[in-house]
Amino acid sequence: MAHDHTLDSSGHSHGHSHGHDHGHSHDHGHSHDHGHGHDHNHDHGPADKGGPHDHGIWTRNHVFLGEGHSRAESRAKWAAIVTAVFMCVEIVCGLAYHSMALLADGAHMATHVGALGLAAGAYWLARRHAASGRFSFGSGKFGDLAAFSSAIILGVTALAVAIESIQRIVTPAAVQFGDALLIACIGLVVNLVSALILKDSHHGHDHGGHSHGHDNNMRAAYVHVLADAATSVLAIMALAAGYYFGLGILDPISGLVGAFVIASWSYGLVRDSGMVLLDADADPAMSDEIRGFLENELKARIPDLHLWRLGPGHRGLIVSLISPDAISAENVKATLRARYPDLSHVTVEVAVCADCT
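Residues numbered from 1 in each chain as written. Predicted model: local features only at pLDDT ≥ 70, side-chain atom pairs only at ≥ 80, totals over all residues. Heavy atoms only, no water.

> Now, about the overall build of the protein chain: what can you tell me, with residues and values included?
Counting secondary structure elements, the protein chain contains eight helices and eight strands. Every one of the 357 residues in the protein chain was classed for burial, and the buried ones make up 44%. Taking the contacts inside the protein chain whose residues are at least 6 apart along the sequence as the reference set, 74% of them involve residues at least 24 apart. Total accessible area on the protein chain stands at roughly 17,900 Å², and carbon and sulfur atoms take up 63% of it. (Helix = DSSP H or I, 4+ residues; strand = E, 2+ residues; numbered from the N terminus. Buried < 20%, exposed > 50% of the residue type's maximum accessible area, 1.4 Å probe, protein only. Contact = heavy atoms within 4.5 Å. Areas by Shrake-Rupley, 256 points an atom, 1.4 Å probe, with all protein chains shown as cover.)

The following block contains the structure:
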């Protein structure tokens, strides 16, 4: 005789009822979306057995945007605007003063305008398509796609800087240390201003010991600015040494060090954003914890469990249970979501095996 195990919000099973539970159930009892800008409230006509009623508690929107999405979009946009203004000033001054150094730095700053514009554009696209039914699990990954692209740009930049630095070591070139030092200082100021604009939106938050709110798109923009700030600091030190002490060799050496720093940050971004885009396990430790919780509380076997990231602060979970007793899928989902608030989309499949003990 099968028993129906139910779970309260603390995760303890209690009570029983006769019956069997076969099949599976999708969690629509929370704020995940179906790709529309409104809840699906199905009002049935008089012909329906129960009369007019609302299915809204099961059917909602798949909007998986990060907390503070609009604020992050605004910050990325303003950082891009500030950088673009300084870029234009440098280019205009370079043309007016016939300074190739200013023109070169202005062109270099254009890559940062592009990276910051890419971040702002990803936020806009994610918001614009948040209610689109074309995206099965929402538009939250636009930011990760932009972060991956920005990381590739950073990697290519690091490679170009490394090649140029090696060439300068092998074949030294005359450096206008005074002009270059001024430009490096200007570049540092621009990057510090952009970093201050982006800083508050960079950090994620933590729920129950599981950090999940990290926004790879904002992280990419922040890293892009920090990478340029770090290379500016190295350049200022090397150029000052060359200007005051004649140590010109430090200029290309600082370029190599900067290239290494940029490449390491680029690798971290490619790895993290790439894993999200490939739907890798969002948190192996959390997956093991969920598996252990279900096995210990329900005495069920877990043949299949998938945990992945839907967007900043949102995760999806699909889990299959094999139990000797009947289990309510709805109770399992409610308990999991109460225990792990960042589970925004949960699907539970239950199979009852009478021969299991």
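There's plenty left to go through after this.
> Give me the lowdown on the packing of aromatic side chains, citing residues and values where you can.
What the rule picks out here adds up to three aromatic pairs. An angle of 65 degrees between the planes, with centres 5.6 Å apart, marks the rings of Phe-135 and Phe-142 as edge-to-face. Note on Phe-135: relative accessible area 29%, which makes it partly exposed. (Phe/Tyr/Trp six-rings, centres within 6.5 Å; stacked < 30°, edge-to-face > 60°.)

> Can you break down the pairing of strand E7 (residues 314-323) residue by residue, with the values?
Within E7, eight of the ten residues are buried, which leaves it mostly tucked inside the rest of the structure. In terms of strand pairing, strand E6 (residues 301-311) meets E7 through eight bridges, oriented antiparallel. Across the sheet, residue Gly-311 finds its bridge partner in E7, namely His-314. Where E6 folds back onto E7 in an antiparallel hairpin, the turn is made up of two residues, including Gly-313, whose phi is positive at roughly 85 degrees. Of the pairings in the sheet, the one linking E7 to strand E8 (residues 343-352) comprises nine bridges and is parallel in character. Paired with Gly-316 across the strands is His-345, a residue of E8. A crossover links E7 with its parallel partner E8, the connecting element being helix H8 (residues 329-339), and its sense is right-handed. (Pairing = 2+ DSSP bridges. Right-handed = clockwise from strand over helix to strand, strands pointing away.)

> Got a sec to walk through the environment of Ala-241? Specific residues and values, please.
Among the structural elements, Ala-241 can be located in helix H5 (residues 216-245). Using a relative accessible area of 10% as the deciding quantity, one classes Ala-241 as buried. For the pair Ala-241 and Asp-251, spaced ten residues apart in the sequence, the C-alpha separation amounts to 8.6 Å. Other than its neighbours up to four places away in sequence, Ala-241 contacts Gly-246, Leu-247 and Leu-250.

> Before we move on, could you go through the pattern of salt bridges and cite the residues and values that matter?
Under the definition given, this model contains nine salt bridges. Of the charged contacts, one joins Arg-168 and Glu-164 as a salt bridge, the two residues approaching to 3.1 Å between their closest N and O atoms. Of this pair, Arg-168 and Glu-164 both sit in helix H3 (residues 142-170), four residues apart, which is roughly one turn of that helix. Take Arg-168: its relative accessible area is 33%, and that puts it in the partly exposed class. Salt-bridge contacts for Arg-219 lead to Asp-272; the nearest nitrogen and oxygen are separated by 2.5 Å. Highlighted residues: Arg-219 in helix H5 and Asp-272 in helix H6 (residues 250-277), separated in sequence by 53 residues. (Salt bridge = Lys/Arg side-chain N within 4 Å of Asp/Glu carboxyl O.)

> I'd like to hear about the environment of Ser-139, residue by residue, with values.
Note that Ser-139 resides in the loop between helix H2 (100-128) and H3. C-alpha of Ser-139 to C-alpha of Phe-64: the two residues are 75 residues apart in sequence and 6.9 Å apart in space. When near neighbours in sequence (up to four residues on either side) are disregarded, Ser-139 contacts Leu-65, Ala-126, His-129 and Ala-130. Reaching out from Ser-139, the side chain makes a polar contact with the backbone oxygen of Ala-126 at a distance of 2.6 Å. (Polar contact = N/O pair within 3.5 Å; in protein donor to acceptor, adjacent residues only side chain to side chain.)

Spatial relationships are all this shows, so hold off on functional conclusions.
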